[in-house]
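Analysis of the macromolecular model
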Amino acid sequence: MSASDPANATPPPKSNAAWGGRFDRGPAEIMETINASIGFDHRLYAEDIAGSKAHCRMLVEQGILTQADGFAIETGLDRVAVEIADGSLVFKTEREDIHMNIEARLAELIGPVAGRLHTARSRNDQVAVDFKLWLRNAIKQIDRDIQRLQAALIDQAEAHAATILPGLTHLQAAQPVTFGHHLLAYVEMLGRDRGRLADCRKRLNENPLGSAALAGTPYPIDRDLTTKLLGFDRPTANSLDAVSDRDFALEFLGAASILAMHLSRFAEEIVLWVSDRYQFIKLSDAFTTGSSIMPQKRNPDAAELMRAKSGRVIGAQMGLLIALKGLPLAYSKDMQEDKEPVFLTVDTLALCLAAATGMVQDFQVQPDAMLAAAQTGFLTATDLADHLVMDLDLPFREAHHVTGKLVRLAEERGVALSALDLASMQKIEPRLTSAVFDVLTVEGSVQRRKSYGGTAPERVREAVAASRKRFL
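Analysis parameters
- Residues numbered from 1 in each chain as written.
- Predicted model: local features only at pLDDT ≥ 70, side-chain atom pairs only at ≥ 80, totals over all residues.
- Heavy atoms only, no water.
- Helix = DSSP H or I, 4+ residues; strand = E, 2+ residues; numbered from the N terminus.
- Rg over C-alpha atoms; globule rule 2.2 N^0.38 Å.
- Buried < 20%, exposed > 50% of the residue type's maximum accessible area, 1.4 Å probe, protein only.
- Areas by Shrake-Rupley, 256 points an atom, 1.4 Å probe, with all protein chains shown as cover.
- Phe/Tyr/Trp six-rings, centres within 6.5 Å; stacked < 30°, edge-to-face > 60°.
- Salt bridge = Lys/Arg side-chain N within 4 Å of Asp/Glu carboxyl O.
- Expected span 1.5 Å × (residues − 1).
- Arc of directions from axis to C-beta.
- Core = buried A, V, L, I, M, F, W, Y, C linked by side-chain atoms within 4.5 Å.
- Contact = heavy atoms within 4.5 Å.
- Disulfide = S-S within 2.5 Å.
- Patch = residues over 30% accessible without salt bridge, like charges linked within 9 Å, V, L, I, M, F, W, Y side chains within 5 Å.
- Axes fitted to C-alpha atoms, helices over the stretch in contact; angles between N-to-C directions.
- Parallel < 35°, antiparallel > 145°, perpendicular 65-115°, else oblique.
- Left-handed = near helix turned anticlockwise from the far one by under 90°.
- Polar contact = N/O pair within 3.5 Å; in protein donor to acceptor, adjacent residues only side chain to side chain.

1. Looking at the overall build of the chain
Counting its regular elements, the chain contains 18 helices and six strands. For 472 residues, the compact-globule estimate of 2.2 N^0.38 gives 23 Å, and the C-alpha radius of gyration of the chain, at 32 Å, exceeds that figure by more than 25%. C-alpha extents for the chain along the principal axes are approximately 115 × 55 × 40 Å. Here the chain holds 472 residues, and the buried ones make up 47% of them. Only carbon and sulfur atoms are counted for the fraction: they give 53% of the accessible area of the chain, which is about 23,300 Å².

What follows is the structure, given as structure tokens:
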């Protein structure tokens, strides 16, 4: 036989089972690699099986599948779930994604009836429902992790409701505050983060299943039933939007970016507080490392890495925005790029929240160092100005001017405001009396800040109790 004889020719590769008979040949090797998502979307297996079981049950209820076929499919899906959970099912790249890997294994287990499961749905609405179910669960877990961090912060705030440290603006000494008040600021930030995530979860909780590829389906399906079975609030109202919508992923990444930014800000404060220049807190060996050549070093690596990892989360949001920005309706393969940034973000937040909670619980607060720092930098200058207004009836701008002169005098003499003698003060403002010294202590300063939301220890203790009710 000649080389050109068909009997000697290399047979063409089989077409991809998911694509059907439209293609004579299979994909090139590089196409198979770039097209496959099983390397990351295998994380959706539990949600894919849950969605398939709900879809199957609905098809049976509507008379589209027989009871026998429905039972075979659900039983087979349960077995696939067990095989994936125990690691005995090996995923195959040529099957592209988790959906086709599960469907193919189901067919091996129960035969051709497995092909009936895909009636009245598409991978387009299938992946949308899987992704929403997975993210809904992930948000719930992140919320619990944030709550644990809030609890740790509230506990430390209660313990240090009266511990004084310098409050800063522009990283410059500003006014004395309490450490408890400072920590409760992060409790509030985290509360807003939880609110944003709850809003995201509420908006994503619409069921896309039944939208099929993009136009809906001619089968007499019951979308309300699958909505109820899967715990959604309502079915999506537009099939085109349902399969092309990734706003829920973007909104999650937006909320996650703000959360990551808050964690980064807190990490920066920890780095400052443990530094030799501050020494406001100490961290144990559990959250610090040493230097390879400098034995005296104790580095706050956990905080530094938490600060750095915010870039991953913020970058994930930008990456998905760019991937989606030019897509027309409805589904495009570009949208396969939606899951990795979300998975990365969820993993990163879980790690950072755990590290932050651990560090807060590990804090060894150094009240003496905090108080010593608060007694430098003229932190009671505002109290002096307020005294001139409230007790001597000076206009605030004039009081501010007088206080500035007194600060300059103290600075020139190298002493604290409270160390100035009354006679020298009276040369600048004759109406001052010895009562001025009562307002120049940092302890008195924080005690007087009794306005709602202020730093006075009594207000901090009230805020601690309120935070426990609001957040825990």
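2. Quick look at the packing of aromatic side chains
Across all of its chains, the model carries ten aromatic pairs by this definition. Ring plane angle 55 degrees and centroid distance 6.4 Å describe the contact between F266 and F363, whose orientation is recorded as tilted. Placement of the pair is F266 in helix 10 (residues 247-274) and F363 in the loop between helix 12 (339-362) and strand 6 (364-365), with a sequence separation of 97 residues. Comparing F266 with F363 shows no difference in burial state: the two are buried.

3. Thoughts on the pattern of salt bridges
One pass over the structure, following the stated rule, counts 28 salt bridges. Where E96 meets R123, a salt bridge forms, and the shortest distance between an N and an O atom there is 3.1 Å. Of this pair, E96 sits in the loop between helix 4 (67-86) and helix 5 (98-110) while R123 sits in helix 6 (residues 123-159), placing them 27 residues apart in sequence. By relative accessible area, E96 is classed as buried at 5%. Accessibility expressed as a relative area gives 21% for R123, which makes it partly exposed. Close ionic contact of R431 with E429 constitutes a salt bridge, the shortest N to O distance being 2.9 Å. You can call R431 partly exposed: its relative accessible area is 44%. When its relative accessible area of 5% is taken as the criterion, E429 is described as buried.

4. Describing helix 18 (residues 457-471)
Between its terminal C-alpha atoms helix 18 stretches 20 Å, which fits the 21 Å expected from 15 residues at 1.5 Å a residue. If you check which residues of helix 18 are buried, you get P457, V460, V464, S467 and F471. One side of helix 18 carries all its buried residues, which in axial view fall inside an arc of 70 degrees. In helix 18, those exposed residues whose orientation departs by more than 90 degrees from the buried face are K469 and R470.

5. Topic: the nonpolar core
The biggest cluster of nonpolar side chains holds 86 residues, and the ones touching the most others in it are F252, F266 and F363. Take this core: its biggest share by element is 15 residues, from helix 10. Setting aside residues no more than four positions away along its own chain, F363 makes contact with Q156, F179, L183, F266, I270, W273, I281, K282 and L283.

6. So, the state of the cysteines
Tallied over the entire structure, the rule returns zero disulfides. Counting only cysteine sulfurs, C352 is the nearest neighbor of C200, a cysteine outside any disulfide, at a range of 19 Å. For C352, a relative accessible area of 5% gives the class buried.

7. Observations concerning a nonpolar patch on the surface
Nonpolar side chains collect at one region of the surface, where M261, I314, M318, L321 and I322 lie side by side and expose about 410 Å² of accessible area between them. Top contributing element to the nonpolar patch by residue count: helix 11 (residues 301-324), with four residues.

8. Thoughts on the packing of helix 10 against helix 11
Running from N to C, helix 10 and helix 11 cross one another at 160 degrees; their axes reach a closest spacing of 8 Å. Judged by the inter-axis angle, helix 10 sits roughly antiparallel to helix 11. The crossing of helix 10 and helix 11 is left-handed.

9. Describing the environment of E462
Within the fold, E462 resides in helix 18. Residues E462 and L59 lie 403 residues apart in sequence; the distance between their C-alpha atoms is 56 Å. Engagement of the side chain of E462 in a polar contact is seen with the side chain of R459, the distance being 2.9 Å.

10. A word on the environment of L388
With respect to the helices, strands and loops of the structure, L388 is situated in helix 14 (residues 381-390). Overall, the relative accessible area of 0% leaves L388 in the buried class. Residues L388 and N137, 251 residues apart in the sequence, show an inter-C-alpha distance of 57 Å. If we ignore the near neighbours within four places in the chain, the residues touching L388 are D393, L394, A399, V402, T403, E429 and L432.

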